[in-house]
Each structure stands twice: as C-alpha cells, then as structure tokens.
Amino acid sequence: MQQRPTDRRPPPPGGARKPTGTRFFRSWPALTWVLVLAVLFAWLSNRYGPGGGPATPIDYSKFREMVAAGRVARITVSNDEITGRLKQAERAPSGNRETEFTEFVTYLPSFGDDELFSLLQANQVAIRTEPANKFSTWALLANLMPLLFLLGIGYLLITRMRQQGMGVFSMGQSRAKLYEQSDKRTTFEDVAGLEGVKVELEEIVDYLKAPDRVVHLGGTPPKGILMVGPPGTGKTLLARAVAGEANVPFFSITGSDFMEMFVGIGASRVRNLFENARKAAPCIIFIDELDSIGRRRGAGLGGGHDEREQTLNQLLSELDGFQPTENVVVMAATNRPDILDPALLRPGRFDRRITVDLPTVKGRERVLAIHARNKPLAPDADLAKLARGTPGFSGADLENILNEAALLAARRKQKVIGWKDIEEARDKVLLGLVREGLALTREECELIAYHEGGHALLAALLPHADPIHKVTIVPRGQAMGVTQQLPEKERYIYKREYLMDRLSVALAGRAAEDLVFGTVTSGAEHDLKQATQLARKMVLDWGMSKRWGHMALGGRREHVFLGEEIAERREYSEATASEVDEEIASILEEAYDRSLDALRSHRRELDLLTKALLEREEIPGEEVLAIVGVRKKAEETTLQ
C-alpha cells in the first residue's frame, strides 16, 4: 500500500515541483500558436506597415499622367516613396480582374525628376512631406518578431525542462520522493511471510520511536541496513512498513536516479539527499537497487566509471559522517550483493545485512490472504492449495496471479473469483498464454501425448517423485505440453533417491518416444537441459557420484561485469574434467534406463493415459493415479 506523497516543505529545485510558467507554455502545442502569431504579424506588417496597407502600387509614369490630368488630390512624400489619394475612385487591373482604388503608392526614380514639383503646383496637388526615419509600430513589430519567436521557443524549452526535473541549475538536486505518513500507512500487518525479518526490523522501529533510550545505554544503532533477496520478495514494502510503524518521513530513491551524464552530478545529489534527510530527522532514507551505484570500484571490462565511483565515494562519506543523534537510518535493497564494494559493507556503514528470502508454504498462504482482502472469492477458491502449488513464487508473483484471476473472472462477467479462474491464472503466469490456432498433425499430437504421458506415468509410479498435479497437451508459451508436479512440503535438503527419481521423470518423455515410436524428437530439449544441469550439480557440488563421492569439484563462479573471469574458474585438470563428464553421463544413463524399464512394465497404463490426453487434452492428477491403480504401491519396491 503506497502512501500519498506530500511535501512538508517546498521541494528542492529539480524535484517534483510543478512548473512555474503559465499554462500557455506547458505543452508543445504552444509552439504552433507562436508560429500562427508570427505569420499574423508578418501579414499585418505587410498590409498596414510602411509600403503596405490598402494603397495600390502604380507605375511612376502613370502617376505623372494622373497628376497632369488633374485626378490627384494630395500626396505624401517620404524619402523616395510617394503615397497619394485620388479625387475619385478609378479602376485598375489587379490579377485577372479590375478593382477600384483611391489610394496609390509609387517611388521616385533614382535619377530624380526636377519637373515634378512644378507639375504638382500647376495641378493644385496638396503636398505633404514626412521624415525618412519616421517611427512605425508595424516596422518595429516586424523587426522584433524573429527575436520574440526565438525567446518564445527558449522559454518553452526551459519550462519543459523544469517540468521534467531537468533544469540546468537543479541537476545536482536530489530526486528522492518524500512520503509522509497519513491515516493510511503501511505497517507490518501489510507484510506477510517474512516473520523473521520483521522481528529483526522491530529494533530499528524502536530506535526511531525512542532514540534516547539507545543513546542513554551507550549503544550505537545501525546506520545502514542492507536488505538482500530475489526480486519481488518485498524489500521496498518492508522499508515502507518500518517507516509506517515508526511514523517518520520516508525518502525513497533508486540508485539510477543519482547517475547522470555529467561527472559530479551524482555526488551532488547524494549530498543534497542527506541534507534534506537531516532536516527531516528522524526519518528513513531508502535506496533501491543499490548495486547500480555501489558496484565494486576499479573493476569491469571497460575500466572504472568516474561518475559512478564519485557517487559511491560521496555515499561512503555521508554514511561515515552520521552522528548517533541525527536519527537518520539508511535502508537499501539489492538482489546482487556479491558485486557491492567491500567498503560499503564494512561495519559503520551498511553494518547490518538482512536476507529477504522467498516465502514458504505458510508464508505464501498469508501473502495470498493479504492480496485477496479486497477480492470476492468463491467458496471453492482454496488459497492453501494455491500456496502449495506455487513453490518458488515471490510475493509479487502471487499478487500477479490473483490479479490475473480477477481479470479472467471480470472477462467472464462473474461476480466472484473461482478456483478455475485462479488455476488458469497460475498456468498463464507460469507457462504463458495458450497458443491458439496452432495446426498439428495427428502424428505430432500422438508424439506430444506419449511424451507427456511418459512424464506423468513416472511421476505417479516413482516413490520419491513429487505428486502429480495435472498433465496437459495444450500448447502454452514455448511448451507443446506440460506435466505439473506439486511438492507436498518445502525441501531444503535433497536425498540422492529424490534426485534420481526427479531425473527419471525428466527423461521419461524421451524414453516414451523411444519405446513407442523407435525414434527421438526435439521436444525433449528442455528436459535434457534440466536433467544435465541437475546431474552436473550432483557430481560437482553435492558429491553424489561413485568416482568423486567425497569431493566438491565445482569451480568458483565469477561475474563477467567485474572483469575478473569470463568463464567459470576450474580447479581441476582436463583429465579430471573428462572423468566428470563420464560420471554425469553415467548418472543420466542410469535415470534413463529406470524410466525405460518402468514404461515397458506399464505400457498398458501409458497407452490409456495417451488416449485420455488425445480425447480431453488435460487430465488432473487424481485421474492419472486412478489409471495407474494399485500397481503404484506394488511397484514402489521394485523401482527404487
């Protein structure tokens, strides 16, 4: 639950300040109006300015003829320009038609006319003279229009930069958002599945509520708290809950907000952030994605990054500059703690590290209960069953499932969310969308059905395999079919028997293709990759091979972006590597032979599963067990 951001004091320049310009210049369409005004002024200047207006231009010889004929009433002379008025309207050609005019304009020839004055006097023409440098408003506007146009564009650009927090004089200001607590605030009641983490953070809440209690006893509270965990586990929610429990302001910023193309801007923003935090103390500064600025200095394939390193140096300096009486706690979150600079993790800076792990079954059930508070659920919507069927899901993933279920129920115009909606949403999130309109031949459908039937049959037969939830041959995402297994409980230690059964289930699809069709297909690509990766870990890391039963041969894994190693560092010879490959192949061959033997012994059940899949496309786990029947218990002793 996110609080509404409110400013207790005016935000610094470059922050979320509303643009101070007029509403006219707050959007790019204002440029269109500037262009329209420029064209309008240019037209008015040409029509009514000097040399323009409604006067009709005529030839100088025509002008002399009209004066000699006595048709000119008066004229005005300004330098070499002569404007005049006729005694009565005359007609003159204008384009393809004739128009009447009484005002005219002409110009003295460059060689002059000494007889013109006598001619004008003889025909009693009134003469008026004006200075050549006479002030003209229209001329002034015409000359100022280019300058006004450029000023308008500049003002528009500056206003847009301020609106987006890109002002030239505000680039060094912090972009942190200040959240002050209101009636609706996030507390520990809004966080589920992280009971151990909440107990650890309650100490920080007690310090923010009563900092004198710790200082009186001579204790020093942690200045920095680093929360480490996979994405979506609730690190930001925990930081906001700490601020809500302590009822203090909460500054939130991401590591990338410090970075800029100009060197030194990030360090300036760090200084500004801590200055604002000290003024609002007691408060919490939360820096999300700390690894974007806290990466190890002097490393990387392209060398160091001056801007990032200066920002990190300033952050280290600000953390060291804290005093116990400042009552400012810095909380940060990352999912890549192994790349952080060692100076950032030493005691006195981020001196407390809290692991925010994925929730357990009970934790997932509590998380689902929180996200389902504002959703009407049908009686058959079993959140406990959904929690068991989502191992490895984070809190964000669980929220996404319930949201997708609500969208599906709304699409079907239902009043409540049923278990069918939830299960379909889980499959959509886990496997992807159903691939509609995919044209498969009868042979391809049989191949897929036997492949998935092999997985399902081995999952039902093997004693240590996870229980089967359902098997389907409906194409979803990149998978042409899926066999889903749901673990009965959380596993933290894996026995070799469980891993061997898991390998056998993974290779059962390939074994079914070989048994029934006498060939193999590309449909086992994902199964083979998973099985090979698991077998490699059994040999290299877990000592589960006969040849290397008491050695951990797994190399040290380094990160490419640290510039230390491009590949995994091996600590054994090429001869040993060859023997390791042989051990991996031996384990996979053993698992494959167990799958093939089990399928031969239960060929009738495999055919029945395949027939049911071809007819219905999806079979729940209970029906798979019913097809296998009592043979499951009878085979448990022979398939171990």
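Remember, predicted model here, so these are calculated numbers, not experimental data.

### Details of the nonpolar core
Counting 51 residues, the largest nonpolar core has Leu-503, Met-538 and Val-624 as its most contacted members. Contributions of two or more residues to this core are made by helix H16 (442-461), strand E12 (468-472), helix H17 (496-517), helix H18 (525-540), helix H19 (574-601), helix H20 (603-616) and helix H21 (621-628).

### Concerning the sheet that holds strand E14 (residues 618-620)
Read across the open sheet, the three strands follow the order E13-E12-E14; overall the sheet is antiparallel. Among the strands making up the open sheet, the edge pair consists of strand E13 (482-485) and E14. In this sheet, adjacent strand axes meet at a mean angle of 10° when their direction is disregarded. As defined by bridge partners, E12 adjoins E14 across three bridges and the pair is classed as antiparallel. Across the sheet, residue Thr-472 finds its bridge partner in E14, namely Glu-618.

### Looking at a nonpolar patch on the surface
Nonpolar side chains collect at one region of the surface, where Leu-144, Leu-147, Leu-148 and Leu-151 lie side by side and expose about 360 Å² of accessible area between them. Here Leu-148 shows up in helix H4 (residues 137-163). Leu-148 gets classed as partly exposed once you look at its relative accessible area, which sits at 45%.

### Some details on helix H10 (residues 306-320)
Relative to the 21 Å expected for 15 residues at 1.5 Å per residue, H10 spans 21 Å between its end C-alpha atoms, a close match to the ideal helical length. Looking only at H10, the buried set comprises Glu-307, Arg-308, Thr-311, Leu-312, Gln-314, Leu-315, Leu-316, Glu-318 and Leu-319. Those residues of H10 that are buried lie in contact with helix H8 (265-279), strand E9 (283-288), helix H9 (291-294), strand E10 (328-334), helix H11 (342-345) and strand E11 (350-355).

### Focus on the environment of Glu-622
Residue placement: Glu-622 occurs in helix H21. Considered as a pair, Glu-622 and His-469 are 153 residues apart in the sequence and their alpha carbons are 7.7 Å apart.

### Here's the deal with the confidence of the model for the protein
When pLDDT is averaged along the protein, the result is 78, and 78% of the positions lie at 70 or above. For the protein, the element scoring lowest by mean pLDDT is helix H22 (residues 631-636), at 38; H17 scores highest, at 93. Low pLDDT, under 50, characterises residues 558-567; the predicted model gives this stretch 22 contacts beyond four residues in sequence or across chains.

### Focus on the side chain of Thr-334
Along the chain, the position of Thr-334 falls in strand E10. Taking the relative accessible area as the measure of exposure, Thr-334 reaches 1% and is therefore buried. Setting aside residues no more than four positions away along its own chain, Thr-334 makes contact with Leu-226, Met-227, Val-228, Gly-229, Lys-235, Leu-290, Asp-291 and Leu-340.

### Observations concerning the packing of aromatic side chains
Scanning the model with the defined rule gives six aromatic pairs in all. Their ring planes at 40° and their centres at 5.8 Å tell us that Phe-63 and Phe-104 sit as a pair that is tilted. Placement of the pair is Phe-63 in helix H2 (residues 60-68) and Phe-104 in strand E4 (residues 97-107), with a sequence separation of 41 residues. Residue classification places Phe-63 among the buried residues on the basis of a relative accessible area of 0%. With relative accessibility at 0%, the residue Phe-104 sits in the buried group. Ring centres of Phe-250 and Phe-286 lie 6.0 Å apart, and the angle between their planes is 20°; this geometry places the pair in the stacked category.

### Focus on the pattern of salt bridges
Under the definition given, this model contains 23 salt bridges. Of the charged contacts, one joins Glu-525 and Lys-529 as a salt bridge, the two residues approaching to 3.2 Å between their closest N and O atoms. Separated by four residues within a single helix, Glu-525 and Lys-529 lie in helix H18, roughly one turn from each other. When its relative accessible area of 53% is taken as the criterion, Lys-529 is described as exposed. Sharing partners across several salt bridges, the network here consists of Arg-426, Asp-427, Lys-470 and Glu-618.

### Looking at the pairing of E12
Here E12 lies mainly inside the structure; five of its five residues are buried. Of the strand pairs in this sheet, E12 and E13 are connected by four bridges, and their pairing is antiparallel. Pairing of Ile-468 across the sheet is with Gln-485, part of E13.

### Thoughts on unusual backbone geometry
Of note in this structure, Asn-79 is not a glycine but carries a positive phi near 60°. Looking at where Asn-79 falls in the secondary structure, it is placed in the loop between strand E2 (72-78) and strand E3 (81-94). We note that Glu-289 has phi near 50°; this positive angle belongs to a residue other than glycine. Its location among the elements puts Glu-289 in the loop between E9 and H9. We classify Glu-289 as partly exposed; its relative accessible area is 35%.

Rules of the game
- Residues numbered from 1 in each chain as written.
- Predicted model: local features only at pLDDT ≥ 70, side-chain atom pairs only at ≥ 80, totals over all residues.
- Heavy atoms only, no water.
- Core = buried A, V, L, I, M, F, W, Y, C linked by side-chain atoms within 4.5 Å.
- Buried < 20%, exposed > 50% of the residue type's maximum accessible area, 1.4 Å probe, protein only.
- Helix = DSSP H or I, 4+ residues; strand = E, 2+ residues; numbered from the N terminus.
- Pairing = 2+ DSSP bridges.
- Axes fitted to C-alpha atoms, helices over the stretch in contact; angles between N-to-C directions.
- Patch = residues over 30% accessible without salt bridge, like charges linked within 9 Å, V, L, I, M, F, W, Y side chains within 5 Å.
- Areas by Shrake-Rupley, 256 points an atom, 1.4 Å probe, with all protein chains shown as cover.
- Salt bridge = Lys/Arg side-chain N within 4 Å of Asp/Glu carboxyl O.
- Expected span 1.5 Å × (residues − 1).
- Contact = heavy atoms within 4.5 Å.
- pLDDT = per-residue confidence, 0-100.
- Phe/Tyr/Trp six-rings, centres within 6.5 Å; stacked < 30°, edge-to-face > 60°.

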